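Structural description and commentary
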Amino acid sequence: MDKLYLRFPHGGLGFGLLLLRLIVATWFFETGIPILSASLVASFFALVLISAALMLIAGVGTSTITLVGAVCSIISLLLGSEPYPWFPVLSIAVLSGSLALLGPGGYSLDAKRANH
């Protein structure tokens with residue numbers, strides 16, 4: 001973890017990363033909940049998205065979780081179980097990629113774990 005991020009910023013930068021995590025987590029919830037009762041495959045991706053959202057809120061495994069959530073969002077779009085048009089899904093995939101590259105920020109469990 002320490003090699004991946006030079007630091008876990010607090011203050012404005014850390015708060016900005018927290019907001020970005022919350023935005024991406026909200027999208028994962030919004031995408032996952034409606035497809036829970038769809039097909040078995042769609043329900044699997046829904047559970048992955050909802051789990052990813054909960055982990056993002058806490059800031060656990062942020063880089064991996066955002067990438068997994070972005071892939072699940074795109075797959076659910078391709079499966080046709082996604083009720084959203086393609087542009088918002090690809091936009092959140094780009095935001096997820098950005099978050100994966102930037103890291104979780106200082107207000108996360110990842111930061112607390114790295115400091116111990």
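For the structure given in this document, a descriptive report is provided here. (Residues numbered from 1 in each chain as written. Predicted model: local features only at pLDDT ≥ 70, side-chain atom pairs only at ≥ 80, totals over all residues. Heavy atoms only, no water.)

This part is about the overall build of the protein. Summing up its helical and strand segments, the protein has five helices and zero strands in all. Starting at the N terminus and ending at the C terminus, the protein contains elements arranged as α-α-α-α-α. Here the protein holds 116 residues, and the buried ones make up 44% of them. Contacts in the protein between residues far apart in sequence, at least 24 positions, make up 73% of those at least 6 positions apart. Carbon and sulfur atoms make up 75% of the accessible area of the protein, which totals about 6300 Å². (Helix = DSSP H or I, 4+ residues; strand = E, 2+ residues; numbered from the N terminus. Buried < 20%, exposed > 50% of the residue type's maximum accessible area, 1.4 Å probe, protein only. Contact = heavy atoms within 4.5 Å. Areas by Shrake-Rupley, 256 points an atom, 1.4 Å probe, with all protein chains shown as cover.)

Within the element layout of this structure, Asp 110 appears in helix 5 (residues 109-115). One polar contact links the side chain of Asp 110 to the main-chain amide nitrogen of Gly 61, over a distance of 3.0 Å. (Polar contact = N/O pair within 3.5 Å; in protein donor to acceptor, adjacent residues only side chain to side chain.)

Let's shift gears to helix 3 (residues 62-78). Helix length check: helix 3 (17 residues) gives 24 Å between terminal C-alpha atoms against 24 Å at 1.5 Å per residue, within 8%. Next to the buried residues of helix 3 lie helix 1 (11-32), helix 2 (40-58), helix 4 (86-102) and helix 5. (Expected span 1.5 Å × (residues − 1).)

Moving on: the packing of aromatic side chains. Centre distance and the angle of the planes are the two values used to describe a pair of aromatic rings. Summed over all chains, the structure comprises one aromatic pair. An angle of 70° between the planes, with centres 5.4 Å apart, marks the rings of Phe 44 and Phe 45 as edge-to-face. In this structure Phe 44 comes out as exposed when scored by relative accessible area, which is 52%. Relative accessible area serves as the criterion here: at 13%, Phe 45 is assigned to the buried category. (Phe/Tyr/Trp six-rings, centres within 6.5 Å; stacked < 30°, edge-to-face > 60°.)

The next point concerns the packing of helix 1 against helix 4. For the pair helix 1 and helix 4, interaxial distance at closest approach is 10 Å and the crossing angle is 140°. In terms of axis orientation, helix 1 runs oblique to helix 4. The hand of the helix 1/helix 4 crossing is left-handed. Residue-level inspection shows Leu 17, Leu 20, Arg 21, Ile 23, Val 24, Trp 27 and Phe 28 of helix 1 in contact with helix 4, the latter providing Pro 88, Val 89, Ile 92, Leu 95, Ser 96, Leu 99 and Leu 102. Looking at the contact of helix 1 with helix 4, its residues break down into 12 nonpolar, one polar and one charged. (Axes fitted to C-alpha atoms, helices over the stretch in contact; angles between N-to-C directions. Parallel < 35°, antiparallel > 145°, perpendicular 65-115°, else oblique. Left-handed = near helix turned anticlockwise from the far one by under 90°. Nonpolar A, V, L, I, M, F, W, Y, C, P; charged D, E, K, R; others polar.)

Here we come to the nonpolar core. Core analysis: the biggest nonpolar cluster contains 17 residues, and Val 24, Trp 27, Phe 28, Leu 56 and Leu 99 have the highest contact counts within it. Only helix 1, helix 2, helix 3 and helix 4 provide two or more residues apiece to this core. At six residues, the largest contribution of residues to this core is made by helix 1. For Phe 28, the contacting residues outside a window of four places in its chain are Leu 49, Ala 52, Ala 53, Leu 56, Ile 65, Thr 66, Gly 69, Ala 70, Ser 73 and Ser 96. (Core = buried A, V, L, I, M, F, W, Y, C linked by side-chain atoms within 4.5 Å.)

Position of Arg 21 among the secondary structure elements: in helix 1. Although Arg 21 is buried, it forms no salt bridge, and the closest oppositely charged side chain is Asp 110 at an N-O distance of 7.2 Å. Leave out the neighbours within four places in its chain, and Arg 21 touches Leu 56, Ile 57, Ala 58, Gly 59, Thr 62, Leu 99, Pro 104, Tyr 107 and Ser 108. (Lys, Arg positive; Asp, Glu negative; His and termini not counted. Salt bridge = Lys/Arg side-chain N within 4 Å of Asp/Glu carboxyl O.)

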